[in-house]
Amino acid sequence: MKHARDEVTTAVEAATRVLSISGRSEPPEFENPDVSWGELASEGVWAPTRDGQRVHIGVAGAAAEDRLASVIRPSMRVFPGLEAETDVIGQTTTAGVRFITVLHGPGAPEEFRFPLRLGEGLSLDPTPSGGYDVVHDRYGATVGRFYSPWGYDSLYRAIPAEYHLEGTTIVMTVRHRDADALYPVLADPHYAR
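Residues numbered from 1 in each chain as written. Predicted model: local features only at pLDDT ≥ 70, side-chain atom pairs only at ≥ 80, totals over all residues. Heavy atoms only, no water.

Draft legend 1. Structural detail: the sheet that holds strand 8 (residues 111–117). The sheet built from six strands is open, its strands ordered 1-2-3-8-14-13 with antiparallel pairing. In the strand order of this sheet, the two ends are held by strand 1 (36–37) and strand 13 (161–166), each with one partner. Taken together, the four bridges between strand 2 (residues 45–48) and strand 3 (residues 54–57) define a ladder with antiparallel strand orientation. Residue pairing in the sheet places P48 in a bridge with R54 of strand 3. (Pairing = 2+ DSSP bridges. Helix = DSSP H or I, 4+ residues; strand = E, 2+ residues; numbered from the N terminus.)

Below you can see the structure in the form of structure tokens.
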């Protein structure tokens, strides 16, 4: 039990340290009753859209099928060790959710998968900034958004990050190995309605 607690503490401290020097506004953590989390990483989270439907976002990884969330508070959970040298912190925000992906070293993978299930009549459209809009097919209205990904090392130097789709899975690529990064590296899928 002590080992699991140490992993959680390490992930949260690493994310806090890097985000504290960012100098930019981060989405505020918020206990949002419209967001519901599963217990396992693979069960992911259900987040609302503007039209009253829900988007399901899963967290994939080598250990996601059996990795229980460590619930820090109702608005934050940590999934330690989802991949080699990788933890994921899930946060509920006022308008949705974000996943702070913490890469502790060069042995961490460069691709991270977030399987999606969209509500009826919803689809994804790429945005010019590199994110995806969740669009209501019938009306053409944007009812949610996956903001373009970002990556930063522990000195808050930008690390190249991008999305692409594989079927209904958003794949985030963080090119930390060629970036001469000082670890930990953070990357952030962020969804909001």
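Picking up where we left off.
Draft legend 2. A look at the pairing of strand 10 (residues 132–136). Of all five residues that make up strand 10, five are buried, and the element is covered over most of its length. Going residue by residue along strand 10, you find Y132, V134 and H136 tucked away on one face and D133 and V135 tucked away on the opposite face as well. Here strand 9 (residues 122–126) folds back onto strand 10, and the loop between the two strands holds five residues, one of which, G130, carries a positive phi near 105°. Bridge count for strand 10 against strand 11 (residues 142–147) is four bridges, and the pairing is antiparallel. (Buried < 20%, exposed > 50% of the residue type's maximum accessible area, 1.4 Å probe, protein only.)

Draft legend 3. Broad picture of the environment of A63. With respect to the helices and strands, the residue A63 is situated in the loop between strand 3 and strand 4 (70–73). A C-alpha to C-alpha distance of 20 Å links A63 and Q91, two positions 28 residues apart in sequence.

Draft legend 4. Layout of the packing of aromatic side chains. Counted by the stated rule, this structure contains six aromatic pairs. Consider the rings of W150 and Y152, whose centres lie 5.2 Å apart with planes at 50°: the pair is tilted. With respect to class, W150 is no different from Y152; both count as buried. Put simply, the rings of W37, F99 and F114 touch in pairs and so form one group of aromatic residues. (Phe/Tyr/Trp six-rings, centres within 6.5 Å; stacked < 30°, edge-to-face > 60°.)

Draft legend 5. Expanded view of unusual backbone geometry. Going from Y183 to P184, the amide bond is cis rather than trans, its omega being 10°. Among the secondary structure elements, P184 is positioned in the loop between strand 14 (169–174) and strand 15 (185–187). The backbone of Y156 sits at a positive phi, close to 60°, despite the residue not being glycine. As for its position among the elements, Y156 is in the loop between strand 12 (151–152) and strand 13. According to the relative accessible area criterion, Y156 is buried, its value standing at 15%.

Draft legend 6. Representation of the environment of D51 in the model. Summarising the element assignment, D51 is placed in the loop between strand 2 and strand 3. Sequence-wise, D51 and L182 are 131 residues apart; in three dimensions their C-alpha atoms are separated by 42 Å. If near-sequence neighbours (up to four positions away) are discounted, D51 is found in contact with L122, H136 and V143. Polar contacts involving the side chain of D51 include one to the side chain of T49, which spans 2.4 Å. (Contact = heavy atoms within 4.5 Å. Polar contact = N/O pair within 3.5 Å; in protein donor to acceptor, adjacent residues only side chain to side chain.)

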